[in-house]
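Remarks on the overall topology
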Amino acid sequence: MSVQTVEGDFVSADGKYAIVVGRFNAFVVESLLEGALDTLKRHGVSEDNVRIIRVPGAFEIPLAVKKIAGQKKDDAIIALGAVIRGGTPHFEYVSAESSKGIAQVMMDYDLPVANGILTVNSIEQAVERSGTKAGNKGAEAAMSALEMVSLMRRLEA
Ligand code: INI
């Protein structure tokens with residue numbers, strides 16, 4: 001039996017990518033951005049096809065993502081931020097709203113939005129996931145964006 005499989009690959013170098021970056025916890029988020037940019041570059045994406053949009057924190061990411069999606073200029077959006085648990089419930093609201101918001105834009109606009117927003121319990125966990133022993137979530141999000149751009153093209157063809 002031969003089953004048809006449709007999947008993306010990582011060669012969508014001609015795609016356009018918008019990266020939305022939260023400034024909060026910048027020491028972590030800048031490493032996520034470095035990881036994302038490095039991944040796009042090493043997959044052949046030209047700097048001319050990448051734009052960076054900065055917002056105050058993860059809570060503001062969904063609105064910027066929505067505006068960008070509405071412009072219809074990009075093939076995918078990569079959302080980068082770091083929500084680190086503190087002593088108050090604020091973490092719960094920011095982390096829940098940011099991931100819910102970007103997921104909603106992805107579905108409303110039929111556009112890949114890669115979730116590179118870290119939600120972690122400690123600064124140590126954030127550091128581990130932003131380029132040290134647990135990888136770089138920014139780079140992973142960029143990989144996901146590349147693959148989804150490729151997949152969307154194949155599903156539309
Ligand atoms: N924003 C983050 O990106 N990460 C956090 O950990 C965070 N915490 O914990 O407060 C955070 N808060 C700011 C929030 O994103 C908004 O910018 C702010 O509430 C103003 O709307």
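My aim in this report is to walk through the structure given alongside it, one point at a time. (Residues numbered from 1 in each chain as written. Predicted model: local features only at pLDDT ≥ 70, side-chain atom pairs only at ≥ 80, totals over all residues. Heavy atoms only, no water.)

As a further point, take the sheet that holds strand S4 (residues 113-120). Within the open sheet, the 4 strands sit side by side as S2-S1-S3-S4. Their pairing is parallel. This sheet does not close on itself; its edge strands, each paired only once, are strand S2 (50-55) and S4. Taken over all neighbouring pairs, the strand axes of this sheet differ in orientation by 15 degrees on average, direction set aside. Examined bridge by bridge, strand S1 (residues 17-22) and S2 share 6 bridges and lie parallel to one another. Counted as the bridge partner of glycine 22 is valine 55 from S2. In this fold helix H3 (residues 90-109) packs onto strand S3 (76-84) and S4, with an angle of close to 170 degrees to the strand it touches most, S4. (Pairing = 2+ DSSP bridges. Helix = DSSP H or I, 4+ residues; strand = E, 2+ residues; numbered from the N terminus. Axes fitted to C-alpha atoms, helices over the stretch in contact; angles between N-to-C directions. Contact = heavy atoms within 4.5 Å.)

A few words now on the pairing of S1. In terms of burial, S1 is largely enclosed, as 6 of its 6 residues are buried. Neither face of S1 is exposed, since Tyr17, Ile19 and Val21 on one face and Ala18, Val20 and Gly22 on the opposite face are all buried. With helix H1 (residues 26-42) bridging S1 and its parallel neighbour S2, the resulting β-α-β unit is right-handed. Pairing geometry for S1 and S3, over 5 bridges, is parallel. By the bridge assignment, isoleucine 19 is partnered in S3 with isoleucine 78. (Buried < 20%, exposed > 50% of the residue type's maximum accessible area, 1.4 Å probe, protein only. Right-handed = clockwise from strand over helix to strand, strands pointing away.)

Moving on: a nonpolar patch on the surface. Together, Phe27, Ile123 and Val127 make up an exposed nonpolar region whose accessible area comes to about 270 Å². Turning to its location among the elements, isoleucine 123 is positioned in helix H4 (residues 123-128). (Patch = residues over 30% accessible without salt bridge, like charges linked within 9 Å, V, L, I, M, F, W, Y side chains within 5 Å. Areas by Shrake-Rupley, 256 points an atom, 1.4 Å probe, with all protein chains shown as cover. Salt bridge = Lys/Arg side-chain N within 4 Å of Asp/Glu carboxyl O.)

With that settled, the discussion passes to the site of the ligand. In the vicinity of the ligand, the contacting residues are Phe24, Asn25, Gly57, Ala58, Phe59, Glu60, Ala82, Val83, Ile84, His90 and Val94. Within the contact set of the ligand, an oxygen atom lies 2.8 Å away from a backbone nitrogen or oxygen of alanine 58. With respect to the ligand, the backbone of alanine 82 contributes an N or O atom lying 2.7 Å from a nitrogen atom. Summarising the interface, the protein chains cover 76% of the accessible area of the ligand, which totals 460 Å² for the free molecule. The greatest single-element share of the shell around the ligand, amounting to 3 residues, is contributed by S3. (Near = heavy atom within 4 Å. Polar contact = N/O pair within 3.5 Å; in protein donor to acceptor, adjacent residues only side chain to side chain.)

A few words on the packing of H1 against helix H5 (residues 137-156). Axis separation between H1 and H5 bottoms out at 6 Å; the angle between their running directions is 35 degrees. Handedness of the H1/H5 crossing: right-handed. On the side of H1, the interface is formed by Leu32, Gly35, Ala36, Thr39 and Leu40, while H5 contributes Lys137, Gly138, Ala139, Ala142, Met143 and Leu146. In terms of residue class, the contact of H1 with H5 is made up of 7 nonpolar, 3 polar and 1 charged. (Left-handed = near helix turned anticlockwise from the far one by under 90°. Nonpolar A, V, L, I, M, F, W, Y, C, P; charged D, E, K, R; others polar.)

In an α-helix there are 3.6 residues to a turn, and that puts residues three or four apart on one side. The terminal C-alpha atoms of H5, which comprises 20 residues, lie 28 Å apart, in line with the 28 Å expected from a rise of 1.5 Å per residue. Within H5, burial applies to Gly138, Ala139, Ala141, Ala142, Ala145, Leu146, Val149, Ser150 and Leu151. Buried positions along H5 lie against S1, H1, S3, S4 and strand S6 (135-136). Measuring from the side-chain oxygen of the N-cap residue of H5 to the backbone nitrogen of glycine 138 gives 2.8 Å; that N-cap residue is asparagine 136. (Expected span 1.5 Å × (residues − 1).)

Here we come to the packing of helix H2 (residues 61-71) against H3. At a closest axis distance of 8 Å, the pairing of H2 and H3 adopts a crossing angle of 15 degrees. In terms of their interaxial angle, H2 and H3 are classed as roughly parallel. Crossing of H2 over H3 shows right-handed handedness. Along the contact surface, H2 presents Ile61, Pro62, Val65, Lys66, Ala69 and Gly70, while H3 presents Glu97, Ser98, Gly101, Ile102, Val105 and Tyr109. (Parallel < 35°, antiparallel > 145°, perpendicular 65-115°, else oblique.)

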